[in-house]
Amino acid sequence: PKPYSKETAILMMADSAEASARSLKKPTAENIDSLIEKVINKQIEEDQFVNADITLKDITQLKKLFKKKLVNIHHARVEY
């Protein structure tokens, strides 16, 4: 169902972003960036946020936050 509150819209975006980032074989910053753009833009195109009180400014800020957090989670570790 489409979210009816800002909080559930954010949760939906975060869940989709995290799940799709886990599917990346090579989670580089560039791959994560394009994936988050693709996933959230698809949700916008499908009118998933029409019932929620969320602005495009909010969504843009959330995209940046998700990208930053997912890059930190999936950063490459140095082998010892």
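Above: the structure in question.
Here, residues in each chain are numbered from 1, in the same order as that chain's written sequence. Where local features are concerned, this predicted model is filtered to residues with pLDDT of at least 70; where side-chain atom pairs are given and counted, the filter is 80 or more; whole-chain, interface and lining totals use all residues. Neither water nor hydrogens contribute to the side-chain values; these are computed over all heavy atoms in the structure.

## Focus: the nonpolar core
Link 1 in the chain: In this text, buried Ala, Val, Leu, Ile, Met, Phe, Trp, Tyr and Cys residues form a nonpolar core when linked through side-chain atoms within 4.5 Å. Type-normalised accessible area, obtained with a 1.4 Å probe on protein chains alone, sets the label of each residue: buried when under 20%, exposed when over 50%, and partly exposed for intermediate values. In terms of nonpolar packing, the biggest core is built from 17 residues, with Met13, Ile36, Phe49, Ile54 and Phe66 touching the most fellow members.
Link 2 in the chain: Residues within four places of Ile36 in sequence aside, it is in contact with Ala17, Lys63, Phe66, Lys67 and Leu70. Note on definitions: a residue-residue contact is assigned when non-hydrogen atoms from the two residues lie within 4.5 Å.

## Here's the deal with the pattern of salt bridges
Link 1 in the chain: What counts as a salt bridge is simple: a side-chain nitrogen of Lys or Arg found within 4 Å of a carboxyl oxygen of Asp or Glu. Summed over all chains, the structure comprises six salt bridges.
Link 2 in the chain: Ionic pairing is found between Arg22 and Glu18, a salt bridge with its closest N-O pair at 2.2 Å. Placement of both Arg22 and Glu18 in helix 1 (residues 6-22) is noted, with a separation of four residues, approximately one turn of the helix.
Link 3 in the chain: Note on Arg22: relative accessible area 63%, which makes it exposed.
Link 4 in the chain: Glu37 is paired through a salt bridge with Lys63; the nearest N and O atoms lie 3.0 Å apart. Placement of Glu37 in helix 2 (residues 29-45) and of Lys63 in helix 3 (residues 56-73) is noted, with a sequence separation of 26 residues between them.
Link 5 in the chain: The exposure class of Glu37 is partly exposed, given its relative accessible area of 25%.
Link 6 in the chain: For Lys63, a relative accessible area of 9% corresponds to the buried category.
Link 7 in the chain: Each of Asp33, Glu37, Lys63 and Lys67 takes part in one network of salt bridges that share partners. Numbering of helices and strands starts at the N terminus; helices are DSSP runs of H or I of at least 4 residues and strands are runs of E of at least 2.

## Some remarks on the packing of helix 1 against helix 2
Link 1 in the chain: In this analysis an axis means a line fitted to C-alpha atoms, helices contributing only their contacting stretch, and an angle means the value between N-to-C directions, from 0 to 180 degrees. Packing of helix 1 against helix 2 brings their axes to within 10 Å, and their N-to-C directions diverge by 140°. On the basis of the axis angle, helix 1 is oblique to helix 2. Taken as a pair, helix 1 and helix 2 cross one another with a handedness that is right-handed. Facing helix 1, whose interface residues are Met12, Met13, Ser16, Ala17, Ser20 and Ala21, helix 2 presents Leu35, Ile36, Val39, Ile40 and Gln43.
Link 2 in the chain: Each residue receives one of three labels: charged for Asp, Glu, Lys and Arg, nonpolar for Ala, Val, Leu, Ile, Met, Phe, Trp, Tyr, Cys and Pro, and polar for the others, Gly being one of them. A class-by-class count of the residues in the contact of helix 1 with helix 2 yields eight nonpolar, three polar and no charged. Comment on the angle field: the value is read as roughly parallel under 35 degrees, roughly antiparallel over 145, roughly perpendicular from 65 to 115, and oblique elsewhere. Handedness of each helix crossing follows the sense of rotation of the near helix against the far helix: counterclockwise by less than a right angle gives left-handed, clockwise gives right-handed.

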